[in-house]
Amino acid sequence: TQLLEQSPQFLSIQEGENLTVYCNSSSVFSSLQWYRQEPGEGPVLLVTVVTGGEVKKLKRLTFQFGDARKDSSLHITAAQPGDTGLYLCARQLSGTYKYIFGTGTRLKVLA
Amino acid sequence: GAGVSQSPSNKVTEKGKDVELRCDPISGHTALYWYRQSLGQGLEFLIYFQGNSAPDKSGLPSDRFSAERTGGSVSTLTIQRTQQEDSAVYLCASSPNMAGAQETQYFGPGTRLLVL
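Thresholds applied
- Residues numbered from 1 in each chain as written.
- Chains lettered and ligands numbered in written order.
- Predicted model: local features only at pLDDT ≥ 70, side-chain atom pairs only at ≥ 80, totals over all residues.
- Heavy atoms only, no water.
- Helix = DSSP H or I, 4+ residues; strand = E, 2+ residues; numbered from the N terminus.
- Rg over C-alpha atoms; globule rule 2.2 N^0.38 Å.
- Contact = heavy atoms within 4.5 Å.
- Buried area = accessible area lost by both parts, 1.4 Å probe.
- Salt bridge = Lys/Arg side-chain N within 4 Å of Asp/Glu carboxyl O.
- Polar contact = N/O pair within 3.5 Å; in protein donor to acceptor, adjacent residues only side chain to side chain.
- Nonpolar A, V, L, I, M, F, W, Y, C, P; charged D, E, K, R; others polar.
- Buried < 20%, exposed > 50% of the residue type's maximum accessible area, 1.4 Å probe, protein only.
- Pairing = 2+ DSSP bridges.
- Axes fitted to C-alpha atoms, helices over the stretch in contact; angles between N-to-C directions.
- Patch = residues over 30% accessible without salt bridge, like charges linked within 9 Å, V, L, I, M, F, W, Y side chains within 5 Å.
- Areas by Shrake-Rupley, 256 points an atom, 1.4 Å probe, with all protein chains shown as cover.

Draft legend 1. Looking closely at the overall build of chain B. On a plain count of helices and strands, chain B comes out with 0 helices and 10 strands. Traced from its N-terminal end to its C-terminal end, chain B shows the element sequence β-β-β-β-β-β-β-β-β-β. Taken over C-alpha atoms, the radius of gyration comes to 13 Å for chain B, in line with the 13 Å a tight globule of 116 residues would show. A principal-axis box enclosing the C-alpha atoms of chain B has dimensions of 40 × 25 × 25 Å.

Draft legend 2. Quick look at the interface of chain B and chain A. Contact residues are listed per partner, giving 24 residues for chain B and 21 residues for chain A. Of the roughly 1,800 Å² buried between chain B and chain A on both sides combined, carbon and sulfur atoms contribute 54%. Along the contact surface separating chain B from chain A lie 0 salt bridges. Here chain B and chain A share 3 residue pairs in polar contact (both at pLDDT 80 or more) between them. Residue assignment for the side of chain B that touches chain A shows that the elements contributing at least two residues are β4 (31-37) and β5 (43-50) of chain B. Of the residues in the side of chain B that touches chain A, the class split is 11 nonpolar, 10 polar and 3 charged.

Draft legend 3. Broad picture of the pairing of β5 of chain B. Residues and elements named next belong to chain B. The element β5 is largely enclosed, with a buried count of 7 among its 8 residues. Two elements, β4 and β5, share 7 bridges in a ladder whose sense is antiparallel. Paired with Tyr-33 across the strands is Tyr-48, a residue of β5. Linking β4 back to β5 in an antiparallel pair, the connection comprises 5 residues, with Gly-40 at a positive phi of about 75 degrees.

Draft legend 4. Main features of the side chain of Gln-6 of chain B. Residue and element names in this part refer to chain B. Secondary-structure assignment places Gln-6 in strand β1 (residues 5-7). Among the residues examined, Gln-6 registers a relative accessible area of 10% and is labelled buried. In this structure the side chain of Gln-6 is engaged in a polar contact, spanning 2.9 Å, whose partner is the backbone oxygen of Tyr-90. A distance of 2.9 Å separates the side chain of Gln-6 from the backbone nitrogen of Gly-110, its partner in a polar contact. Excluding residues that lie within four positions of it along the chain, Gln-6 makes contacts with Arg-22, Cys-23, Trp-34, Tyr-90, Leu-91, Cys-92, Gly-108, Pro-109, Gly-110 and Thr-111.

Draft legend 5. Inspection of the sheet that holds strand β6 (residues 65-69) of chain B at higher detail. Residues and elements named next belong to chain B. Reading across from one edge, β1-β3-β7-β6 is the order of the 4 strands in this open sheet, with antiparallel pairing throughout. In this open sheet, the two edge strands, each paired with only one partner strand, are β1 and β6. This sheet shows a mean twist of 15 degrees between the axes of neighbouring strands, independent of strand direction. Sheet topology note: the β6/strand β7 (residues 75-79) ladder contains 5 bridges and is antiparallel. Looking at the pairing, Arg-69 lines up with Ser-75 of β7.

Draft legend 6. Representation of the environment of Val-4 of chain B in the model. Residue and element names in this part refer to chain B. Relative to the helices and strands, Val-4 is located in the segment before β1. In this structure, the C-alpha to C-alpha distance between Val-4 and Leu-21, residues 17 residues apart in sequence, is 13 Å. If sequence neighbours within four positions are ignored, Val-4 has contacts with Cys-23, Asp-24, Pro-25, Ile-26, Cys-92, Ser-94, Tyr-106, Phe-107, Gly-108 and Pro-109.

Draft legend 7. Spatial organisation of a nonpolar patch on the surface. Side chains of Val-12, Leu-114 and Leu-116 of chain B sit close together on the surface and give an oily, nonpolar patch of about 290 Å² of accessible area. Locating Val-12 of chain B in the fold gives a position in strand β2 (residues 10-13).

Draft legend 8. Quick peek at the pairing of strand β5 (residues 44-49) of chain A. Residues and elements named next belong to chain A. When strand β4 (residues 32-37) meets β5, the two strands line up antiparallel, connected through 5 bridges. Across the sheet, residue Leu-32 finds its bridge partner in β5, namely Val-49. Counting the residues in the hairpin turn of β4 and β5 gives 6 residues, including Gly-40, whose phi is positive at 80 degrees.

So this is what it looks like as C-alpha cells:
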C-alpha cells in the first residue's frame, strides 16, 4: 500500500510538554514532507527529509526519517500554544507528480 | 500578490446546483494542484496541471468534477449537480518548477463548500 498512516490522530497537551507524532508506510519512499495546517488556512511546508536516518531541526521541532525510509517522526520540545494545528506528512508517488497525504495529527497545546 | 489566492472563501449551495471555485497561483509557478479535504481528514488529490501538458485528472471522484487552467495561470474547479458528500474544503497549491522530489507546494487558504 502507498498509504501514509499518522499517529496519534489527536493530541492535547499542556504548554511545556514534549511530544512525538509519527508517519508510517509499508512501502519505501524517496522523500517525505511535513506540513502544518492552522485553522482556516492551507498547509505550510515545514521540512523535507530525503536520506534514510536523516535528522533535521527547525527550532523546537526535530524531524527524523527512518533508516529504511518507511517511516518518519516529528518531535516537538517544550510545546507552545502556537504549535497548535494539524500536522500532515506527505510523499510523492514514484514516477508521478501526485502527492499522497496522511490523515494528520491534530495537536492542541493548552496554555 | 504574494501567495496563492482562492475564491470564494466560503460557498453555500443547494444540492443539484453547479459551483465554480477559483485559484490564482503564485505568478510564474508552472505546476498547480487541486485537493479536497473533508472534515478532520487529510488531503485527497484531485487534479494536477503542469505548464501546457495535459492535466492529470486521475483523482477526480466523478464526471461531475472538472477543472481548467487558462493561460497557464488561473484555474477553475467546477462541480456540477452538487451532492451533500461534496461538502469539504477545496485547496489549491502551486509550485515553481517541474514537479519533482523535494518540490515545495504553496497552498491557498481554501474554499469551504457546504452543500445543503
